[in-house]
Each structure stands twice: as structure tokens, then as C-alpha cells.
Amino acid sequence: MSNHVIKLVVFDWAGTTVDFGCFSPVQPFRRALAAEGIEVSIDEARLPMGLSKLDHLRAIFEMPAVRRQWCEKFQREWTEDDVRRVYEDGFVPQQLQCAKDHSDLIPGLLQCVQRLRQRNIKIASTTGYFRDAAEIVFARAAQQGYQPDFSICGTDVPAGRPSPWMIFRAMETLDVCPPASVLKIGDTVPDVLAGLNAGAWSVGVTDTSSSMGLSQAEFEALSDAEKESRRDSCATALTDAGAHAVIPSIAGLPELIERIEAGEFELERPSPTSALEVESF
């Protein structure tokens, strides 16, 4: 038996536990910048996913294509004041509406949480949502039966992901240590990096992720070959970031924890070739 016993799982929200395909943040970014006359593609809007929403918007502004459009339209470089104005006046109202529309639980979550609680594992959640949007998602999730023991937003700490502060706050509040007894699971590279930076187990999910970018109906309509191809592409980015394991969805997490506790691999930042990939559960 391994000395690794998981006492706390820290879940991400959009793309991991709610909002299959992570659609809620995408349109608000695109609409906020479209109001400024700046065109942003869906892929561009998704690229910084996992960061706090203000950092996410700043990362979009830094993209060469967006910078070029801004300079052509306004005859100057964008400034931090521009970022904050677009965030507050454009993004925030759009995000509040989209959060209401994209808060359905991802299939398998409630069963997963039930099995974790049977093992006396505590449940926490972290998110890049700002507090007002997060509260909408928290309330909608609670109505569907999902209530973590502790939830925190990137705006509640000095810096959001990939910094580990949200994870550390969850550990402190729920009185869980050491980091080797904590597992962070999410669908983006910043999720993976936050877990690694905290010294915790770091696990990625593919099928419901922002990188996959498909609704449940769209995903299920794919052929098996298409699913595997897209899944492999999503998994590569997560393993390249250092994920200890990559699973299709949160439904496979209880089995993965059993494998961790059985000592199948060690808690260290693995190379991409040594990261454990779980094909399916």
C-alpha cells in the first residue's frame, strides 16, 4: 500500500464539473471586444482559458492579431485602462448572463462526489470566475445537488491560476495537509500548473474541456475514432504541462484515486512521456 492517501479533491468548475465544453466564458469575451470593433475568434477566446477572467482578457489583448486590430482602429496601443474598461463595461454584464445559461452539472459528477465522500475525502472548488458570476454558478449547482465543502474565486486571492493560492486557501480552510494528500482536477493547463505549484497531484480531463470545445450532444455525435483523436490532442497539452494523469471526465476520478493510493506512480512533476494517461472508465 502506498503512503499516498487523498484527503481533499479540488475541482475546477466550467469544463470540469459544470458547462460541458466550457461555453460560458467564450461569448462574453468575443462580444465585449466586438463592441469595440475588434474581432476575436472562438479559438482565440478559448486559448487563455483557466486564468482569472481579467487576466484572460488581458491575454487576449496581448495576441498579435488583436493588438493589430486595436492599433488600426484607435491609432494607438491598448492600455491597462482599456482592458479594465472593456472588462467592467463589456465583459462583466455578458458573463453574468452566460453564467446563468451554462451551469448544468456534467454527467457523472454527483456519483463521483458521492463515492469520494464515502472515502471521507473533502471537496473544494476553485474558479477563474469573478465572485458575482461564481455565486450564480454556485447557486445553480446547489439546486442540482452539488455543494463543495469550500469554494473560492481567483478574485479572492492575490493571484489566480496558475498560482497555487486558491488551493492553499482550500487546504487551510478545510484543515488538510500535506499537499501530497491533495488532488487538483481541471480541464486547462493553468489548472494543471496550479496543482503542480501547490505540490499536489494534478489531473486533467479531456472530453468536457474547453480544448475539446463541444457540447455534450456534439461530442456524443462524434465517431469513436474522432473522439479518440480529439481526446489525444487535448491530453497532449495537459501532459505536456506536467499533469500526473489525464482522464476523459470526472466520472473516472474515484478509480484514479484508488490507483494513486495503491502506489502506481510517485508524486513528482513527470515528463510528458511518464505521465499516466487513463484511457477510459
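Relevant structure appears above.
So, here's what we can say about the structure. Because the structure is a prediction, the values reported are computed rather than measured.

Quick word on the packing of helix H5 (residues 80–101) against helix H7 (residues 131–143)
(1) Moving on: Viewed as axis vectors pointing N to C, H5 and H7 meet at an angle of 10°, and their least axial separation amounts to 9 Å. Classified by the angle their axes make, H5 and H7 are roughly parallel. Each of Gln95, Leu96, Ala99 and Lys100 in H5 lies in contact with H7, whose residues at this interface are Asp132, Ala133, Ile136, Val137 and Arg140.
(2) Moving on: Residue classes in the contact of H5 with H7 are distributed as 5 nonpolar, 1 polar and 3 charged.

Considering the side chain of Asp207
(1) Moving on: Along the chain, the position of Asp207 falls in the loop between strand E5 (201–205) and helix H10 (216–220).
(2) Moving on: Polar contacts involving the side chain of Asp207 include one to the side chain of Arg231, which spans 2.6 Å.
(3) Moving on: When sequence neighbours within four positions are dropped, the list of residues in contact with Asp207 reads Phe20, Met212, Phe219, Arg231 and Pro248.

Considering unusual backbone geometry
(1) Moving on: Between Arg161 and Pro162 the backbone carries a cis peptide bond, its omega angle lying at 10°.
(2) Moving on: Take Pro162: it is sitting in the loop between strand E3 (150–153) and helix H8 (165–174).
(3) Moving on: Cis geometry marks the peptide bond from Cys177 to Pro178; its omega dihedral reads 5°.
(4) Moving on: Topologically, Pro178 is positioned in the loop between H8 and strand E4 (182–186).

Side note on empty space enclosed by the protein
(1) Moving on: Throughout the structure, instances matching the rule amount to 2 cavities of 30 Å³ or more.
(2) Moving on: Put simply, the largest cavity is a space of about 90 Å³.
(3) Moving on: Looking at the largest cavity, it is lined by 15 residues, and the ones nearest its centre are Asp12, Ala14, Cys22, Lys53 and Arg161.
(4) Moving on: The residue makeup of the lining of the largest cavity, split by class, is 6 nonpolar, 4 polar and 5 charged.
(5) Moving on: Split by domain, the lining of the largest cavity shows at least three residues from each of two domains, domain 1 (8–22 + 104–262) and domain 2 (26–101).

A few points about the pattern of salt bridges
(1) Moving on: Inspection of the entire model under this criterion finds 20 salt bridges.
(2) Moving on: A salt bridge links Arg161 to Asp191; the nearest nitrogen and oxygen atoms lie 2.8 Å apart. Note that Arg161 is positioned in the loop between E3 and H8 and Asp191 in helix H9 (residues 189–197), a separation of 30 residues in sequence. Considered together, Arg161 and Asp191 belong to a single accessibility category, that of buried residues.

Describing the layout of surface pockets
(1) Moving on: In this structure, the largest pocket encloses a volume near 260 Å³.
(2) Moving on: As for the largest pocket, its lining consists of 13 residues, of which Arg46, Leu47, Met49, Ser210 and Ser211 are closest to the centre.
(3) Moving on: Elements represented by at least two residues in the lining of the largest pocket include exactly helix H2 (42–46) and helix H11 (224–240).
(4) Moving on: With 3 residues, the single largest contributor to the lining of the largest pocket is H2.
(5) Moving on: In terms of residue class, the lining of the largest pocket is built from 6 nonpolar, 4 polar and 3 charged.
(6) Moving on: Each of domain 1 (8–22 + 104–262) and domain 2 (26–101) gives at least three residues to the lining of the largest pocket.

What about helix H6 (residues 109–118)?
(1) Moving on: Considered for burial, the residues of H6 that qualify are Leu109, Cys112, Val113 and Leu116. For H6, the angular spread of buried residues about the axis comes to 95°, placing them on one side.
(2) Moving on: On the buried face of H6, the contacting elements are strand E1 (8–11), strand E2 (122–127) and helix H12 (253–261).
(3) Moving on: Where H6 ends, the next residue or the one after it, Asn120, has phi of about 60°, a positive value.

About the cut-offs
Residues numbered from 1 in each chain as written. Predicted model: local features only at pLDDT ≥ 70, side-chain atom pairs only at ≥ 80, totals over all residues. Heavy atoms only, no water. Axes fitted to C-alpha atoms, helices over the stretch in contact; angles between N-to-C directions. Helix = DSSP H or I, 4+ residues; strand = E, 2+ residues; numbered from the N terminus. Parallel < 35°, antiparallel > 145°, perpendicular 65-115°, else oblique. Contact = heavy atoms within 4.5 Å. Nonpolar A, V, L, I, M, F, W, Y, C, P; charged D, E, K, R; others polar. Polar contact = N/O pair within 3.5 Å; in protein donor to acceptor, adjacent residues only side chain to side chain. 1 Å grid on protein atoms, 1.4 Å probe; cavity = no way out; pocket = protein on both sides within 12 Å on 5 of 7 lines; lining within 4 Å. Points joined across faces, edges and corners; volume = space filled by probe spheres on them. Domains from an automatic or database assignment. Salt bridge = Lys/Arg side-chain N within 4 Å of Asp/Glu carboxyl O. Buried < 20%, exposed > 50% of the residue type's maximum accessible area, 1.4 Å probe, protein only. Arc of directions from axis to C-beta.

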